[in-house]
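Chain residues, written in single-letter form:
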Amino acid sequence: ENNPKKKYPVLYLLHGAGGDEEAWISMGRAAQILDNLIEKGLCEPMIVVMPNGNPGQQAARTLGLPEKQIDWRDEAHRNDYVKSLCTEIVPFIEKNFRAIAKPSSRAIAGLSMGGGHTISASTLYPELFDYICPLSAAGSATPEQIATLKKAGVKLYFLACGNSDFLFKGTEEMHAKLDEQGLDHVYFVSEGGHTWANWRLYLNTFAPMLFK
């Protein structure tokens, strides 16, 4: 507000299954974590976009809006949300907000289902985001997709999971694939499982690494 011409980088922060656009605010404490980091000079001021990742919902269920029934197992709908995020939401943000519209000013991160969305978005649109942070991710990538990301020149790949998380084995496999393809990345393993305590820790850890 003090400098209406200043533009900012953007973090697209995605929720998990059962969540909605409120999850990172109410349970993830994203505003408090980022405000504290910014106030201490530990991370860059940024715009944070937290979309609803449930394609059948117009917004959080608490608003009582009609929903569409979409079979997420249907291959025809597999990447509906990811495509909308990358081809509709990102351009909308860059048109309507003071966002810097280039890969080095775009980051994407998500937990669980949102971690899977993060991986899918980065592999389907490898030159869109320079900062990629799958957290306890329900998803993976092929060696060919990882090689394409490496070629695109990703600045940060932050892979995190709890050591007793039910998705830890998949995260270990993803870590091995990244190593095999020579994609430099941060592999952050914490104690515990599939919990908000870990996801808050991960946000606090990777946010200072963004947009450097």
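From a predicted model like this one, the values you see are computed outputs, not experimental measurements.

In this structure, Asp165 sits in the loop between β5 (156–162) and α6 (168–180). No salt bridge is formed by the buried Asp165; the nearest opposite charge belongs to Lys169, separated by 13 Å. A distance of 2.8 Å separates a polar side-chain atom of Asp165 from the backbone nitrogen of Leu167. Ignoring any residue separated from it by four or fewer positions in sequence, one finds Asp165 in contact with Ser136, Gly192, Gly193 and His194.

Counting across every chain of the model gives two salt bridges. Between Glu44 and Lys212 there is a salt bridge whose closest N-O contact spans 3.7 Å. Here Glu44 is found in the loop between α2 (30–39) and β2 (47–49), whereas its partner Lys212 is found in the segment after α7 (196–206), with 168 residues between them in sequence. Owing to a relative accessible area of 32%, Glu44 belongs among the partly exposed residues under this scheme. The exposure class of Lys212 is exposed, given its relative accessible area of 57%. The closest approach of N and O atoms between Arg106 and Glu94, which form a salt bridge, is 2.6 Å. Of this pair, Arg106 sits in strand β3 (residues 106–111) while Glu94 sits in helix α3 (residues 80–96), placing them twelve residues apart in sequence.

This part takes up the environment of Leu167. Inspection of the secondary structure assignment puts Leu167 in the loop between β5 and α6. Between the C-alpha atoms of Leu167 and Gly193, which are 26 residues apart in sequence, the distance is 8.7 Å. With residues up to four places along the chain from it excluded, the contact list for Leu167 reads Ser112, Ser136, Ala137, Ala138, Cys161 and His194.

Here the focus is the packing of α3 against helix α4 (residues 113–124). Where α3 meets α4, the axes come as close as 10 Å, and the angle between the chain directions of the two elements is 60°. On the basis of their axis angle, the class for α3 and α4 is oblique. In this structure, α3 crosses over α4, and the sense of that crossing is right-handed. Between α3 and α4, the contacting residues are Tyr81, Val82 and Cys86 on the first element and His117, Ser120, Ala121 and Leu124 on the second. Here the residues of the contact of α3 with α4 are counted per class, giving five nonpolar, two polar and no charged.

Enumeration according to the criterion identifies seven aromatic pairs in this entry. Considering the side-chain rings of Trp196 and Trp199, the 5.2 Å spacing of their centres and the 85° angle between planes classify their relative orientation as edge-to-face. Here Trp199 and Trp196 lie together in helix α7, a separation of three residues that amounts to about one turn. Taken individually, Trp196 and Trp199 each receive the classification buried, so the pair is uniform in this respect. An aromatic cluster is defined as three or more aromatic residues linked by ring pairs; in this entry it consists of Phe158, Phe188, Tyr202 and Phe206.

Counting 29 residues, the largest nonpolar core has Tyr12, Ile108, Phe129, Tyr157 and Met174 as its most contacted members. Those elements that place two or more of their residues in this core are β1 (10–14), β2, α3, α4, α5 (143–152), β5 and α6. It is α3 that contributes the most residues to this core, seven residues altogether. In contact with Tyr157, other than residues within four places in its own chain, are Ile119, Ile132, Pro134, Leu149, Met174, Leu178, Leu183, Asp184, His185 and Val186.

Looking now at the environment of Ile47. Structurally, Ile47 is set in strand β2. Using a relative accessible area of 19% as the deciding quantity, one classes Ile47 as buried. Sequence separation of Ile47 and Cys161 is 114 residues, and the distance between their C-alpha atoms is 25 Å. The residues contacting Ile47, other than those within four sequence positions of it, are Tyr8, Pro9, Val10, Leu11, Phe97, Arg98 and Ala99.

The subject of this paragraph is the pairing of strand β4 (residues 131–135). Taken residue by residue, a regular strand's side chains alternate between the two faces of the sheet. Among the five residues in β4, five count as buried, and that is most of the element. In terms of strand pairing, β3 meets β4 through five bridges, oriented parallel. The residue of β4 that forms the bridge with Ala109 is Cys133. With α4 bridging β3 and its parallel neighbour β4, the resulting β-α-β unit is right-handed. One ladder, built from three bridges, connects β4 with β5; its direction is parallel. Paired with Ile132 across the two strands is Tyr157, which belongs to β5. In this view, the connection linking β4 to its parallel neighbour β5 by way of α5 has right-handed handedness.

About the criteria used
Residues numbered from 1 in each chain as written. Predicted model: local features only at pLDDT ≥ 70, side-chain atom pairs only at ≥ 80, totals over all residues. Heavy atoms only, no water. Helix = DSSP H or I, 4+ residues; strand = E, 2+ residues; numbered from the N terminus. Buried < 20%, exposed > 50% of the residue type's maximum accessible area, 1.4 Å probe, protein only. Lys, Arg positive; Asp, Glu negative; His and termini not counted. Salt bridge = Lys/Arg side-chain N within 4 Å of Asp/Glu carboxyl O. Polar contact = N/O pair within 3.5 Å; in protein donor to acceptor, adjacent residues only side chain to side chain. Contact = heavy atoms within 4.5 Å. Axes fitted to C-alpha atoms, helices over the stretch in contact; angles between N-to-C directions. Parallel < 35°, antiparallel > 145°, perpendicular 65-115°, else oblique. Left-handed = near helix turned anticlockwise from the far one by under 90°. Nonpolar A, V, L, I, M, F, W, Y, C, P; charged D, E, K, R; others polar. Phe/Tyr/Trp six-rings, centres within 6.5 Å; stacked < 30°, edge-to-face > 60°. Core = buried A, V, L, I, M, F, W, Y, C linked by side-chain atoms within 4.5 Å. Pairing = 2+ DSSP bridges. Right-handed = clockwise from strand over helix to strand, strands pointing away.

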